[in-house]
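What follows is the residue order along each chain.
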Amino acid sequence: MYSLFSKKLKNNTKNQFGSDQLQPELMPKHIAIIMDGNGRWAQKRHLPRVAGHKQGMEVVETITKAASDLGVKVLTLYAFSTENWKRPAGEVNYLMDLPVTFFNRFVPELIKHDVRVNVIGDTSKLPQKTQTAVNNAIEQTKDCQGMVLNFALNYGSRTEIVGAVQTIAQDVATGKVDPAQIDEQLFSSYLMTDSLQPNGDPDLLIRTSGEQRLSNFLLWQIAYSELVFTDVYWPDYQPQNLVDDILAFQQRDRRFGGIQVKEGENKNK
Ligand code: V07
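Criteria and thresholds
Residues numbered from 1 in each chain as written. Predicted model: local features only at pLDDT ≥ 70, side-chain atom pairs only at ≥ 80, totals over all residues. Heavy atoms only, no water. Axes fitted to C-alpha atoms, helices over the stretch in contact; angles between N-to-C directions. Helix = DSSP H or I, 4+ residues; strand = E, 2+ residues; numbered from the N terminus. Parallel < 35°, antiparallel > 145°, perpendicular 65-115°, else oblique. Left-handed = near helix turned anticlockwise from the far one by under 90°. Contact = heavy atoms within 4.5 Å. Nonpolar A, V, L, I, M, F, W, Y, C, P; charged D, E, K, R; others polar. Near = heavy atom within 4 Å. Areas by Shrake-Rupley, 256 points an atom, 1.4 Å probe, with all protein chains shown as cover. Expected span 1.5 Å × (residues − 1). Pairing = 2+ DSSP bridges.

Visitor: Whenever I open this one, the packing of helix H3 (residues 89-112) against helix H4 (residues 128-140) confuses me. Can you help?
Guide: Packed helix pairs are characterised by how far apart their axes lie and by the angle those axes make with each other. The N-to-C vectors of H3 and H4 enclose an angle of 20°; their axes lie 9 Å apart at closest approach. Of the possible angle classes, the one that applies to H3 and H4 is roughly parallel. Remark: the crossing between H3 and H4 carries left-handed chirality. Between H3, through Asn93, Met96, Asp97, Pro99, Val100, Phe103, Val107 and Ile111, and H4, the contact on the second element is made entirely by Lys129, Thr130, Ala133, Val134, Asn136, Ala137 and Gln140. When its residues are assigned to classes, the contact of H3 with H4 shows 9 nonpolar, 4 polar and 2 charged.

Visitor: Teacher, can you tell me more about the site of the ligand here?
Guide: The environment of the ligand is made up of 17 residues, and the closest members are Asn38, Leu98, Phe102, Phe151 and Leu153. Here the ligand, which alone exposes 510 Å², has 99% of that area covered by the protein. Those elements giving two or more residues to the shell around the ligand turn out to be helix H2 (49-69), strand E2 (74-81), H3 and strand E4 (148-155). Its residues placed into classes, the shell around the ligand shows 14 nonpolar, 3 polar and no charged.

Visitor: Help me out: how do you make sense of H2 in this one?
Guide: With 21 residues, H2 should cover 30 Å at 1.5 Å per step; its first-to-last C-alpha distance of 31 Å lies within 8% of that length. Count one or two residues on from H2 and you reach Gly71, which has phi positive near 90°.

Visitor: Looking at this structure, how should I read the sheet that holds strand E6 (residues 226-229)?
Guide: Each strand in a sheet pairs with its neighbour through backbone hydrogen bonds, running either in the same direction (parallel) or in the opposite one (antiparallel). Spatial strand order, E3-E4-E2-E1-E5-E6: 6 strands in an open sheet with parallel pairing. Looking at which strands have only one partner, the edges of the open sheet turn out to be strand E3 (116-120) and E6. Ignoring strand direction, the axes of neighbouring strands in this sheet form an average angle of 20°. With 7 bridges connecting them, E2 and E4 associate as parallel partners. Residue pairing in the sheet places Thr76 in a bridge with Asn150 of E4. Sitting on the sheet, H2 is in contact with strand E1 (30-34), E2 and E4, with an inclination near 160° to E2.

Next up, the structure:
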């Protein structure tokens, strides 16, 4: 177990209670990360882009363990988007091998940490070897009760939403759903994140490598998420960076569209 709660943090960040430590009661339950900057990390070192992806996969393991030790319930990682198919064939092939490598090397570790693998996205279009590795990872970790490690693979949020609309329309046509019944909760239950309930919506979304975009990731689910953008490239991202980003999250005051009532203040005032 990382002693992150008790350890003095390097940068001495103070939260609103004047503390430089994480507050376990304010831990984000679901953290989503856009793992950007693998290519740039490699370029800076005059290495091929795939070297960045390789190092990025090592970081997936480190950050998974750190998040699990911190008591996070769901960690969603954006690994491959529907737009990534436009990359050079050699790079796409390498990316498609990563779940195979990851499965062979890390699944025993995941089981040791009681981490369950889940996937969102259209995996039916991935090469057979990739699908097999992903399905094996899901199958072998299915009884784990701890954190869910949720990979977004060949995922696109608009496609997900359109798919939900199609299925709801079919269910209306067959009389399974009454249009008057369609509300936010029913709609959410048709999204790929339904299996993560009650933690389907991220509390915190982190994007590494300096870009401040959502890139078609979890558009419905991040309606109330706190967004943290960090300049650190994903292959350089360390457990301490995760702690810093959670501290930034804990310093924000989450209102969900309402007005936060401070402790001791009269709600009816
Ligand atoms: C990928 C490594 C991390 C940095 C970002 C892109 C490259 C782990 C997986 C994975 C996915 C499903 C699964 C087991 C492992 C992965 C892709 C790319 C396509 F069941 N890392 N990683 N998949 N990268």
